[in-house]
Amino acid sequence: MTETPAIRRERDEPSAAVPAAATAVAGGELGGGAAASLWRDAWGDLWRRPIFWLAMAIMLVMSLMAAFPGLFTSREANDRCDVQFAKRPPASWNPFSGADHPFGTDVHGCDYWAQVVHGTRAPIVIGFAVTALSLLIAVTLGSLSGHYGGWLDALISRITDVFFGLPLLLGALVVLTAFPAHGIGAVVLALGLFWWTSMTRLMRGQVIAVRDADYVQAARMLGAGDVRIMVRHILPNAIAPVFVFATLNVGVVIGSESTLDFLGVGLQYPSVSWGLQLREAQNIFVDYPYLLAYPAIFLTATVLSFLLLGDAVRDALDPRLR
Amino acid sequence: MWRYAVRRVLQMVPVLLGTTLFIYVLVFALPGDPIRALAGEKPLPDSVYQALRDHYHLDDPLLVQYGRYVFGVLFRGDFGETFNGQSVGQLIADSWTVTAQLAATAWLFELVVGMSLGVWAGLSAARRGGRGGGTRRGGFADAAVLGGTTVAIAIPSFVLAYSAQLVFGLKLGWFPTAGTDAGWPMSYLLPGMVVAAAELGYVARLTRTSLVENMRADYVRTAVSKGLPRHRVVVRHTLRNSLIPVVTYLGTQIGYFMAGSIIVEGIFNLPGIGHEIWLALQIKEGPTIVGIVTFLVLVYLFANLVVDLLYGVLDPRIRYD
C-alpha cells in the first residue's frame, strides 16, 4: 500500500507511480495550473492509441445494447419462442446474411440474436452497480480509517482483512446459496460484499498520504470541522486512484457475475443474461457449439474492453513512458 | 525474522476467527431443515428427528455452536462431521491431494510458460525501447505476448474449460476429457492449463516490466561496459534480479488456485476440494462448507506469510523489524 507522506504536487514533477500521478491530477483540479496538464498529456497520449478507440467502441456498443435493446432487435426478451424450432443452428456463419435467425435459435426456440442482445443488460448493470456500491463502502471506511486512525482504524482494517481472505467467487457463492432471493439486487449485494476490500485499503493509504498536508492543517486552523475537512479537502485529493481502480475493474465483476449465473446461484430464468445462456449450452455444446460461442464472444469482448482500456490508461498516466 | 513471523501468526488469529464466524452465521442462515432434507420423502419419527438434531447440536444458540466448533478445530483438529457421519477433516484429507496436484500443474505451467513469455517480450521491448529510454512497447514478440495473454484473461474460465475439453480432449484426443484415471500428470495437464491461462498474463507482464526496468539499472550498464557478452548480462545480472517479484507473486497464487478450482474441478470431474464444496453447497451441508472454507482461508493466510518471509530471503536489502 502506498503510504508515502504528502503527495500534493504544485509542479508537474515526474512521479514514480500511477496513484501518485493521479493524486496530482486531483489536486490540480482545485489549484489549476501546471498539474492539470498531466490529464491533458495523458489524453494526448490516449487518443493516438488505436487500442483505446477499440475499447471505447466495444463499450459504446455494449452500453447501447444494455440501454436500448430495441435498436438492435425488434423482439422482447423470451419473445415469440417456439419449441418446434428449438436448437436450429444459424443458416449461415455470416450473421449479416439476412437470414431469419442470424444466430440460430436456443433450446426454447427463441431467436438467439435477440436473446444475446437482451442478455447484455444484466451483466452491465450488475457490473456498474457492484462497482458503485463497493466504491461507496471503500470511500466511507477508507476515509474514516485513514483520517481518525487509532482503534477505529484497527477495527476497520481487521474487518477488511476478514473479507479480503475470502476469494470473490467463493464468498459470493456461499452468500448466494444462503440467500433465498436471486434477483439482480441479491447478486449485487453478494458480489459487493467481497469487492470493496482492495479499494478500502487503497483509499486508506491515500487519505493517510494527504491528511497532514499543509492545506489540511490550514483548513483546520481556520476552524473547519472533521466532516468538512474530510469531504472538502481530503476526499477530492485522495479519491482519484481509487476511482480509476474501480472503473477499470468493472470487467472483473462482469466476469464473476456470469460465472455465478453459470453455476446456477446467480440470476434465474426468466431473467436473460450471457451467463444463463452459457449455462443452458453447457451440456449440449458439443452438438451445438454456436450456443456456447455467441454469448461467450459478447462476454469476452466486454471484459476485454475494460482490460484494454485499463492498459491504455495506465500507460498514458505513467510518466516513465514519456 | 522469527519475531516478525510470530507477530504475523498472531495477527492471523482474529482474521481466521472473523472469517469462520462470518461463514458460520451464513451457513446457519441457509434456508431449509437439513435433517428433514436428509430424510427425503419418508417422514422421520419425532424421536429419531430430535436425536439427530441433538447429535448435531442444531438447537443450541448460534454462538455456542460456533464456540464448540472453534474449540474442536483448534484443540482436537476436528472439523466436525458431514450428515452422512463422515468426518470433514477426513473429507479434506482425501480430496486435497487432487486439488494440490491440480494447483501444482497450474503453478508449473505459469512458472515455465508465463516467465518465458515475459522474458521474450521483455527482451524485445528492451531492444526497441533503448532509444526512448522508456518502457514503451516495441517489437512483434512484445505485442503478441501482451495481446494474447490479455485475451486469455478476458475469456471466462468455464468457457475456456469447455473449449479445451472439446478441442484437445474430444476432437484431437490428446488428453483425457475428465476424471483422474490417467493419474498425474496426464489427467491434470488440460485442467491445469485452464486454471493457469487466466493468470499467465499477469506473470508474463510482471516478468516483462521487471526485466525492462532492470535492463536500465546501473549494474547492468556496468556489466555491458566491462564487455560481458549479452547473454551473460541478461542471464546472470538482469534475470536474477527481475525474478524476485515474480517468484513472490507466484507464491500468493497458491491460495488462489485452491479456491479457484471450483469450476475447473467441476467441469473436468476431478474429486478435489472445489468439487466437494460445490457438492456441499448443493445439499446445504453446513459442516462441510464451514470446514472447507476454514481450510482454504488457512492455506491462503499461510501462503501469504511464506511469501513475505521468502521476500527477505531472496532480497537481502529487505529487513524485518
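The shown structure was predicted, so the numbers you read here are calculated from the model rather than taken from an experiment. (Residues numbered from 1 in each chain as written. Chains lettered and ligands numbered in written order. Predicted model: local features only at pLDDT ≥ 70, side-chain atom pairs only at ≥ 80, totals over all residues.)

A. Here's a closer look at the overall build of chain A. When its secondary structure is counted, chain A shows 14 helices and zero strands. Along chain A, helices and strands appear, N-terminal first, in the series α-α-α-α-α-α-α-α-α-α-α-α-α-α. Counting only residues that meet the buried cut, chain A has 48% of its 322 residues in that class. In chain A, once contacts between residues fewer than 6 apart in sequence are set aside, the share between residues at least 24 apart is 68%. (Helix = DSSP H or I, 4+ residues; strand = E, 2+ residues; numbered from the N terminus. Buried ≥ 20, exposed ≤ 12 C-beta atoms within 10 Å, placed from the backbone. Contact = placed C-beta atoms within 7 Å.)

B. Inspection of unusual backbone geometry at higher detail. Cis rather than trans, the peptide bond between Tyr269 of chain A and Pro270 of chain A has omega equal to 10°. Mapped onto the elements of the fold, Pro270 of chain A is located in the loop between α12 (250–263) and α13 (274–281). Located in the positive-phi region is Asn269 of chain B, a residue other than glycine, with phi close to 55°. Following the sequence through the fold, Asn269 of chain B ends up in the loop between α11 (261–267) and α12 (273–282). Given 13 C-beta atoms within a 10 Å radius, Asn269 of chain B is considered partly exposed.

C. Representation of the nonpolar core. Core analysis: the biggest nonpolar cluster contains 161 residues, and Ala172 and Leu191 of chain A together with Ala161 and Ile289 of chain B have the highest contact counts within it. In terms of residue count, helix α5 (residues 88–129) of chain B provides more of this core than any other element does, 16 residues in total. Summarising the domain contributions, this core has at least three residues from each of domain 1 (2–88) and domain 2 (96–320) of chain B. Look past the residues within four positions of Leu191 of chain A in its chain and what remains in contact with it is Val130, Leu168, Ala172, Val253, Ser256 and Glu257 of chain A. (Core = buried A, V, L, I, M, F, W, Y, C linked by C-beta atoms within 7 Å. Domains from an automatic or database assignment.)

D. Up close: the packing of helix α3 (residues 50–67) of chain A against helix α5 (residues 121–148) of chain A. Residues and elements named next belong to chain A. As a packed pair, α3 and α5 sit with axes 8 Å apart at the nearest point and diverge in direction by 105°. Accordingly, the angle class assigned to the pair α3 and α5 is roughly perpendicular. Contact residues: Met62, Ser63 and Ala66 in α3; Arg121, Ile124 and Val125 in α5. By residue class, the composition of the contact of α3 with α5 is four nonpolar, one polar and one charged. (Axes fitted to C-alpha atoms, helices over the stretch in contact; angles between N-to-C directions. Parallel < 35°, antiparallel > 145°, perpendicular 65-115°, else oblique. Nonpolar A, V, L, I, M, F, W, Y, C, P; charged D, E, K, R; others polar.)

E. Just the packing of α5 of chain A against helix α8 (residues 184–195) of chain A, in detail. All names here are of chain A. In the contact formed by α5 and α8, the axes pass within 9 Å of each other and the chain directions differ by 45°. One finds that α5 runs oblique with respect to α8. In the crossing of α5 with α8, the sense of the turn from one axis to the other is right-handed. Together, Ala122, Val125, Ile126, Ala129, Val130, Leu133 and Ser134 of α5 and Ile184, Val187, Val188, Leu191, Gly192 and Trp195 of α8 make up the contact between the two elements. Residues belonging to the contact of α5 with α8 are distributed by class as follows: 11 nonpolar, two polar and no charged. (Left-handed = near helix turned anticlockwise from the far one by under 90°.)

F. Highlighting the interface of chain B and chain A. Between chain B and chain A, the residue contacts involve 36 residues of the former and 32 residues of the latter. Those elements giving two or more residues to the side of chain B that touches chain A turn out to be α1 (2–28), α6 (140–154), α7 (157–171), α10 (230–259), α11 and α13 (286–314) of chain B. In terms of residue count, the dominant contributor to the side of chain B that touches chain A is α1 of chain B (eight residues). Along the lines of polarity and charge, the residues of the side of chain B that touches chain A split into 29 nonpolar, five polar and two charged.

G. Main features of the domain arrangement of chain B. Residues and elements named next belong to chain B. Domain boundaries assigned for chain B yield domain 1 (2–88) and domain 2 (96–320). The biggest single contributor to the side of domain 1 that touches domain 2 is α1, with 11 residues. Broken down by class, the residue content of the side of domain 1 that touches domain 2 amounts to 14 nonpolar, five polar and two charged.

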